[in-house]
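Listed here are the chains, written in short residue letters.
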Amino acid sequence: MVDGSEAAILGGAVPSFEGKKIWVTGHRGMLGSAVVRSLRNENAQLLLTTRAELDLVDQSAVQQWMEKNRPDLIFHIGAKVGGIHANATLPADFLRENLLIQTNVIDGAKRTGAQKLVFVASNCTYPAKAEQPIKETAQLTGALDENIRAYAVSKIAGIEMCRAYRKQFGCNFVAVIPPNLYGPGDNYHPQHSHVVAGILRRAHEAKESGAKEFVVWGDGTPRRELLHVDDLADAMKCVMSAPTTHDLYNIGSGHDLAISEIADLVAEVVGFNGKIVYDSTKPNGTMRKLLDSGRIQSLGWAPKVSERAGLVSAYKDFLRSVEVADSGLRLG
Ligand code: GDP
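It should be emphasised that the depicted structure is a prediction, and the values quoted were computed from it without experimental measurement.

### As for the overall build of the protein chain
Here comes step 1: In terms of helices and strands, the protein chain carries eleven helices and twelve strands.
Here comes step 2: Taking the principal axes of the C-alpha coordinates as reference, the protein chain spans close to 65 × 45 × 35 Å.
Here comes step 3: For the protein chain, the proportion of its 332 residues judged to be buried stands at 52%.
Here comes step 4: In the structure as shown, the protein chain presents an accessible area of about 14,700 Å², 50% of it carried by carbon and sulfur atoms.
Here comes step 5: In the protein chain, 37 positive and 37 negative side-chain charges are present, and the distance between their average locations comes to 2 Å.

Below is the structure:
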């Protein structure tokens, strides 16, 4: 399908988005909305569907929609996601929904002749004890972290689907692996959120209630590489527009922090001066997963948002979400 197309002639590059029909799946989530923000000035036609309009799990609905709308470029972001606790309690949901969604969108992209698709995977697809920093070639070389295995297997299947469709059909499908994301539009659910949102919420609640301490899960020693969502959106545009000779790109900030350092930084940004307590009955998860982002850097991308500045803007977003919830418009 791609043979003879513009993207194939350009070695997988899409130098201009002008006039293209671009489908961003999951555009209401944190990453999807960041990608939409970053595409606003591109003179492209954005195709955005809410879950009520198109349920990505529904194969025939997705097929019909794609045949009718024929997107040129697809940022495939829509997926069931959640933090370490959500993954531990809902593994079947994560596996089932993500396998269905990916199959529908990726196969649909081939059937309807999309020029290029960029699929978002996850750093949990790497072996739990991978050599650091983790290169793309480490995938499937060791056992996965058991806390998030079902979700990880679904994302590995998505990466493998992009790879297989490239190989068998010449499709221009590429997967990217981000580290731990945070930023505006994050999910601040007390149990189901990722680490930054979870800690932000508890630090804020402790400050507001005048509590002397707040709780951080695990023992504080695991390390996580944080990336602001606007940096990932920028990197995904770079992968979409560049000639991509690889099928997989890590997209990281290049350095990681201990959970205790993240908690200290969040407490400082929030203005909480009390004690931070570690709850070792909660899982640590993988001890370290720093990405080697050499491939994406060689395409000319580099992150722009520092952790401190990023956390300040994330906290402002959290405060806005609390205000909205308090005014009864949305639950935080
Ligand atoms: P992961 O990177 O896939 O493991 O996902 P998370 O974003 O959920 O990060 C989990 C790591 O952060 C583990 O080491 C947790 O013990 C630690 N952590 C500390 N406090 C929290 C919290 O409030 N929420 C979450 N999700 N993780 C936390």
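### Some details on the pairing of strand β4 (residues 116-120)
Here comes step 1: Extensive coverage of β4 is indicated by the burial of five of its five residues.
Here comes step 2: Burial of the side chains of β4 extends over both faces: Lys116, Val118 and Val120 are buried on one face and Leu117 and Phe119 on the other.
Here comes step 3: Here strand β3 (residues 73-76) pairs with β4 via four bridges, running parallel. Within β4, the position partnered with His76 by the bridge is Phe119.
Here comes step 4: Pairing between β4 and strand β5 (residues 173-177): four bridges, direction parallel.

### Here's the deal with the side chain of Asn123
Here comes step 1: In this fold, Asn123 is placed in the loop between β4 and α6 (149-169).
Here comes step 2: Under the relative-accessibility criterion, Asn123 is labelled buried at 6%.
Here comes step 3: Within the structure, the side chain of Asn123 is placed 3.3 Å from the side chain of Asn180, a separation counted as a polar contact.
Here comes step 4: For Asn123, the residues in contact, after removing those within four places along its chain, are Ile177, Pro178, Pro179, Asn180, Lys289 and Leu291.

### What to know about the site of the ligand
Here comes step 1: Taken together, 18 residues are adjacent to the ligand, and Asn180, Arg202, Arg224, Pro283 and Asn284 come closest.
Here comes step 2: The contact in question runs from an oxygen atom of the ligand to an N or O atom on the side chain of Asn180, over 2.9 Å.
Here comes step 3: One nitrogen or oxygen atom from the side chain of His194 is found 3.2 Å from an oxygen atom belonging to the ligand.
Here comes step 4: Relative to its free-state accessible area of 550 Å², the ligand is covered by the protein chains to the extent of 97%.
Here comes step 5: When residues in the shell around the ligand are grouped by element, the largest group, four residues, is from helix α7 (residues 195-209).

### Looking at the side chain of Asn87
Here comes step 1: Mapped onto the fold, Asn87 is located in helix α4 (residues 84-89).
Here comes step 2: Its relative accessible area of 5% is what places Asn87 among the buried residues.
Here comes step 3: Only 2.9 Å separates the side chain of Asn87 from the backbone oxygen of Gly82, close enough to count as a polar contact.
Here comes step 4: Among all residues touching Asn87, those that are not within four sequence positions of it are Gly82, Phe94, Asn147, Ile148 and Tyr151.

### A word on the packing of helix α2 (residues 30-39) against helix α8 (residues 229-241)
For any two helices packed against each other, one specifies the crossing angle of their axes together with the interaxial distance.
Here comes step 1: Running from N to C, α2 and α8 point in directions that differ by 60°, and their axes come no closer than 9 Å. On the basis of the axis angle, α2 is oblique to α8. Handedness of the α2/α8 crossing: right-handed. Counting all contacts with α2, which are made through Met30, Leu31, Ala34, Val35, Arg37, Ser38 and Leu39, the residues of α8 involved are Val229, Asp230, Leu232, Ala233, Met236 and Lys237.
Here comes step 2: Classifying every residue of the contact of α2 with α8 gives nine nonpolar, one polar and three charged.

### Topic: the sheet that holds strand β1 (residues 21-25)
Here comes step 1: Spatially, β2-β1-β3-β4-β5-β10 is the arrangement adopted by the six strands of the open sheet, whose pairing is parallel. The open sheet has two edge strands with one neighbour each: β2 (45-47) and β10 (248-250). Taking each pair of neighbouring strands and ignoring which way they run, the sheet shows an average axis angle of 20°.
Here comes step 2: Helix α3 (residues 59-69) contacts β1, β2 and β3 of the sheet and is inclined by roughly 155° relative to β1.

### Regarding the packing of aromatic side chains
Here comes step 1: This model, assessed by the stated rule, comprises seven aromatic pairs.
Here comes step 2: When the ring of Tyr188 is compared with that of Phe318, the centres are 5.0 Å apart and the planes differ by 75°; the resulting orientation is edge-to-face. A residue pair is termed long-range when its members are at least 10 positions apart, and Tyr188 in the loop between β6 (180-182) and α7 and Phe318 in helix α11 (residues 307-326) qualify at 130 residues. Taken individually, Tyr188 and Phe318 each receive the classification buried, so the pair is uniform in this respect.
Here comes step 3: Residues Phe214 and Phe272 carry aromatic rings whose centres are separated by 5.2 Å and whose planes lie at 75° to one another, so their mutual orientation is edge-to-face.

Conventions used here
Residues numbered from 1 in each chain as written. Predicted model: local features only at pLDDT ≥ 70, side-chain atom pairs only at ≥ 80, totals over all residues. Heavy atoms only, no water. Helix = DSSP H or I, 4+ residues; strand = E, 2+ residues; numbered from the N terminus. Buried < 20%, exposed > 50% of the residue type's maximum accessible area, 1.4 Å probe, protein only. Areas by Shrake-Rupley, 256 points an atom, 1.4 Å probe, with all protein chains shown as cover. Lys, Arg positive; Asp, Glu negative; His and termini not counted. Charge placed at Lys NZ, Arg CZ, Asp CG, Glu CD. Pairing = 2+ DSSP bridges. Polar contact = N/O pair within 3.5 Å; in protein donor to acceptor, adjacent residues only side chain to side chain. Contact = heavy atoms within 4.5 Å. Near = heavy atom within 4 Å. Axes fitted to C-alpha atoms, helices over the stretch in contact; angles between N-to-C directions. Parallel < 35°, antiparallel > 145°, perpendicular 65-115°, else oblique. Left-handed = near helix turned anticlockwise from the far one by under 90°. Nonpolar A, V, L, I, M, F, W, Y, C, P; charged D, E, K, R; others polar. Phe/Tyr/Trp six-rings, centres within 6.5 Å; stacked < 30°, edge-to-face > 60°.

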